[in-house]
Amino acid sequence: MATTRIDLDGRPVKPITICMIGAGGFIGSHLCEKLMSETPHRVLALDVYNDKIKHLLEPESLPWATRIQFHRLNIKHDSRLEGLIKMADLTINLAAICTPADYNTRPLDTIYSNFIDALPVVKYCSENNRRLIHFSTCEVYGKTIQSFLPKDSPLRQDPAYYVLKEDTSPCIFGSIEKQRWSYACAKQLIERLIYAEGAENGLEFTIVRPFNWIGPRMDFIPGIDGPSEGVPRVLACFSNNLLRREPLKLVDGGKSQRTFVYIKDAIEAVLLMIENPDRANGHIFNVGNPNNEVTVRQLAEMMTKVYTKVSGEPYLESPTIDVSSKEFYGEGYDDSDKRIPDMTIINKQLGWNPKTSLWDLLESTLTYQHRTYAEAIKKAMVKPTAS
Ligand SMILES: NC(=O)c1ccc[n+]([C@@H]2O[C@H](COP(=O)([O-])OP(=O)(O)OC[C@H]3O[C@@H](n4cnc5c(N)ncnc54)[C@H](O)[C@@H]3O)[C@@H](O)[C@H]2O)c1
Ligand SMILES: O=C(O)[C@H]1O[C@H](OP(=O)(O)OP(=O)(O)OC[C@H]2O[C@@H](n3ccc(=O)[nH]c3=O)[C@H](O)[C@@H]2O)[C@H](O)[C@@H](O)[C@@H]1O
């Protein structure tokens, strides 16, 4: 018998129905796993694909079979959307094009996916008085103020110029021809629309700004479970290079900095938002791990060390190679220099803090990558490619 769940204020948590749009993706699949295995909540899982949640949908004998339903639909044009939102107490919208390689090469699809396609979701929630948790991105902060200071300015050491805070930090993007920022700008505008729906029409909303969540099932390995010319996010790119024993490509020397958080830590934060509406409604939350900051070059070096450990394969002589962003992503690329989340608001509202170090999260993730892909890659590399 499942024990009754208690919220942060000691009150019993009532089982709810969640309409999860984009449930078949990286974050959605981990969120569905958590909800099914640890809570009594029900999930209407909406997505175009369900490969990453198939293990939750079959067989019928699974203990949670009656609590999760998959609906294959594209929210761009599907009349079932409003009905599914009305059937649920809460809608979580994860649907997006969210791989940087698409932002400057498919800017229209990126803007439509991250702004236009989200409009009906917000409208249906507001008109039907349904709570919304919307996934934005830490990319809405763009570049830090520090990155515009003179190289030798002592102010560069002052956190006020680089720590990113939900209620005070500006959004600083590159110029219009830097089409990389099509995604972040679309996310910013949907945030502003949601915030306005809250202010003017009383929409109960929470906005999540993930700071580089990484773990198993993130994106795809090109040529194995995704297009061979596809360019996924950095974890999958570097995993692919390691699996194929190729040098890891460092865009513009890998100087950019990121903070990475383990997907399983981040999902705990989302569950707290789900089960503590009084503490989460009306808030924007940074969800990241400020203690896990590395440059991309340091990430490559650490992943190489961890991979050698989990695979038992020897080091490569030249583990990395520098490439220009123009060569790697094409015209219009630009980058965030540094992403350190301020944790004040999420600490105060939800008492959440990440636990897993970068080394540990890479060890479990690369163990998964090696176990899942090593054989398939070996076969693919032996088989001559079709001439
Ligand atoms: N993973 C991260 O670290 C991270 C960081 C910042 C922001 N985010 C945001 O979190 C959300 C989820 O990210 P993710 O990493 O799980 O990405 P993902 O690409 O793995 O998942 C997105 C899912 O949405 C689905 N989808 C997209 N368009 C759709 C449509 N029109 N109709 C139905 N389904 C559609 C896709 O099929 C996919 O399964 C996105 O909004 C993304 O911008 C993620
Ligand atoms: O995950 C997030 O929090 C957000 O950031 C990501 O943006 P970014 O971190 O720039 O995406 P990656 O593709 O993971 O690139 C990270 C860094 O690694 C670099 N990189 C990537 C791939 C590679 O092979 N080599 C390499 O040097 C990129 O240039 C960039 O500086 C994506 O925009 C979204 O998932 C999300 O909005």
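Within each chain, residues carry numbers counting from 1 in the order of the written sequence. Each chain gets a letter, beginning with A, and each ligand a number, beginning with 1, in the order they are written. The model is predicted, so local features are restricted to residues of pLDDT at least 70 and side-chain atom pairs to those at 80 or more, both for listing and for counting; the totals for chains, interfaces and linings are taken over all residues. Side-chain numbers come from the whole structure's heavy atoms, not from hydrogens or water.

Going by an unreviewed UniProt entry, the protein carries the name NAD-dependent epimerase/dehydratase domain-containing protein and comes from Hibiscus sabdariffa.

1. Concerning the confidence of the model for the protein
Per-residue confidence for the protein gives a mean pLDDT of 97, with 98% of residues at or over 70. Here the predicted complex carries an ipTM of 0.99, next to a pTM of 0.98. Along the chain, pLDDT gives the predictor's confidence residue by residue, from 0 to 100.

2. A few points about the site of ligand 1
Only heavy atoms are used to decide nearness, and a residue is near a molecule or strand if one of them lies within 4 Å of it. In the vicinity of ligand 1 lie 25 residues, with Phe-26, Asp-47, Tyr-183, Lys-187 and Trp-213 positioned nearest. Contact between ligand 1 and Asn-74: a nitrogen atom at 2.9 Å from a side-chain N or O atom of the residue. Each polar contact in these results corresponds to two N or O atoms within 3.5 Å; when the atoms are within protein, one needs to be able to donate a hydrogen and the other to accept it, and residues that are neighboring in sequence are counted only if both atoms are side-chain atoms. Note that an oxygen atom of ligand 1 is positioned 2.9 Å from one of the side-chain N or O atoms of Lys-187. Computed by Shrake-Rupley with a 1.4 Å probe, the accessible areas treat only the displayed protein chains as cover when residues are assessed. For ligand 1, whose accessible area on its own is 820 Å², the fraction buried by protein is 89%. Within the residue set of the shell around ligand 1, elements represented by two or more residues are α1 (26-38) and α7 (182-201). Partitioned by chemical class, the residues of the shell around ligand 1 number 15 nonpolar, seven polar and three charged. Each helix corresponds to a stretch of at least 4 residues labelled H or I by DSSP, and each strand to a stretch of at least 2 residues labelled E; elements are numbered beginning at the N terminus. Just so you know the grouping, Ala, Val, Leu, Ile, Met, Phe, Trp, Tyr, Cys and Pro go in nonpolar, Asp, Glu, Lys and Arg go in charged, and all remaining residues, Gly too, go in polar.

3. Overview of the site of ligand 2
Close to ligand 2 lie 26 residues, the nearest being Thr-137, Glu-139, Asn-212, Arg-258 and Asp-335. A distance of 3.4 Å is found between an oxygen atom of ligand 2 and a backbone nitrogen or oxygen belonging to Pro-210. Here an oxygen atom of ligand 2 and a side-chain polar atom of Arg-233 are 2.8 Å apart. When ligand 2 is considered free in solution it has 700 Å² of accessible area, and contact with the protein chains removes 96% of it. Going through the elements one at a time, α4 (100-103), α8 (234-243), β9 (248-251) and α12 (325-329) are the ones with two or more residues in the shell around ligand 2. In the shell around ligand 2, the residues fall into 16 nonpolar, three polar and seven charged.

4. What to know about the packing of aromatic side chains
The aromatic pairing rule takes the rings of Phe, Tyr and Trp, using the six-membered ring of Trp, and pairs them if the centres are within 6.5 Å, calling planes under 30 degrees apart stacked, those over 60 edge-to-face and the rest tilted. Per the counting criterion, the structure on display carries seven aromatic pairs. Arranged with centres 4.8 Å apart and planes meeting at 80°, the rings of Phe-328 and Tyr-329 form a pair that is edge-to-face. Ring pairing ties together the aromatic residues Phe-328, Tyr-329 and Tyr-333, which thus form one cluster. One residue, Arg-180, lies across the ring of Trp-181, its end atom 5.5 Å from the ring centre. Seen from the ring of Tyr-141, Arg-209 lies directly overhead, with NZ or CZ sitting 4.8 Å from the centre. We count a charge as sitting over a ring when the NZ of a lysine or the CZ of an arginine lies within 6 Å of the ring centre and within 35 degrees of the ring normal.

5. Things to note about the packing of α8 against helix α14 (residues 358-382)
Between N-to-C directions, angles cover 0 to 180 degrees, with each direction set by a line fitted to C-alpha atoms, over the stretch in contact for helices. It is at 10 Å that the axes of α8 and α14 come closest, and there the two elements cross at 50°. In terms of their interaxial angle, α8 and α14 are classed as oblique. As for the relative orientation of α8 and α14, their crossing is right-handed in sense. Across from Leu-235, Ser-239, Asn-240 and Leu-243 in α8, the residues of α14 making contact are Leu-362, Thr-365, Leu-366, Gln-369, His-370, Tyr-373, Ala-374 and Ile-377. Looking at the contact of α8 with α14 residue by residue, the classes come out as seven nonpolar, five polar and no charged. Roughly parallel here means an angle under 35 degrees, roughly antiparallel means over 145, roughly perpendicular means 65 to 115, and every remaining angle is called oblique. Left-handed is the label given to a crossing in which the near helix is rotated counterclockwise from the far helix by less than a right angle, and right-handed is the label when the rotation is clockwise. Contacts are assigned to residue pairs with any non-hydrogen atoms lying within 4.5 Å of each other.

6. Quick word on unusual backbone geometry
Following Glu-58, the chain continues into Pro-59 via a peptide bond in cis, with omega recorded as -5°. As for its position among the elements, Pro-59 is in the loop between α2 (54-57) and β3 (68-72). Even without glycine at this site, Arg-245 takes up a positive phi of about 55°. In this fold, Arg-245 is placed in the loop between α8 and β9.

7. Focus: the state of the cysteines
When two cysteine sulfur atoms lie within 2.5 Å, the pair is treated as a disulfide. According to the stated counting rule, one finds zero disulfides in the structure shown. Here Cys-32 stays unpaired: no disulfide links it, and the sulfur of Cys-19, its closest cysteine neighbor, is 11 Å away. Exposed residues in this analysis have more than 50% of their type's maximum accessible area, buried residues have under 20%, and partly exposed residues fall in between, with area computed by a 1.4 Å probe over protein chains only. By relative accessible area, Cys-32 is classed as buried at 0%. Free of any disulfide, Cys-237 has its nearest cysteine sulfur in Cys-98, 13 Å distant.

8. Observations regarding the pattern of salt bridges
Pairs can form between side chains of opposite charge whenever their charged atoms are close. Salt bridge, as applied in this entry: a Lys or Arg side-chain nitrogen positioned within 4 Å of an Asp or Glu carboxyl oxygen. Counted by the stated rule, this structure contains 26 salt bridges. The partner of Lys-76 in a salt bridge is Asp-117, with the nearest N and O atoms 2.5 Å apart. Note that Lys-76 is positioned in the loop between β3 and α3 (81-87) and Asp-117 in the loop between α5 (107-114) and α6 (119-127), a separation of 41 residues in sequence. Lys-76 sits in the partly exposed class, given a relative accessible area of 45%. A residue is classified by how much of its surface remains accessible, and Asp-117, at 9% relative accessible area, is buried. When salt bridges with common partners are traced through the structure, they connect Asp-7, Asp-9, Arg-11, Asp-278 and Arg-279 into a single cluster.

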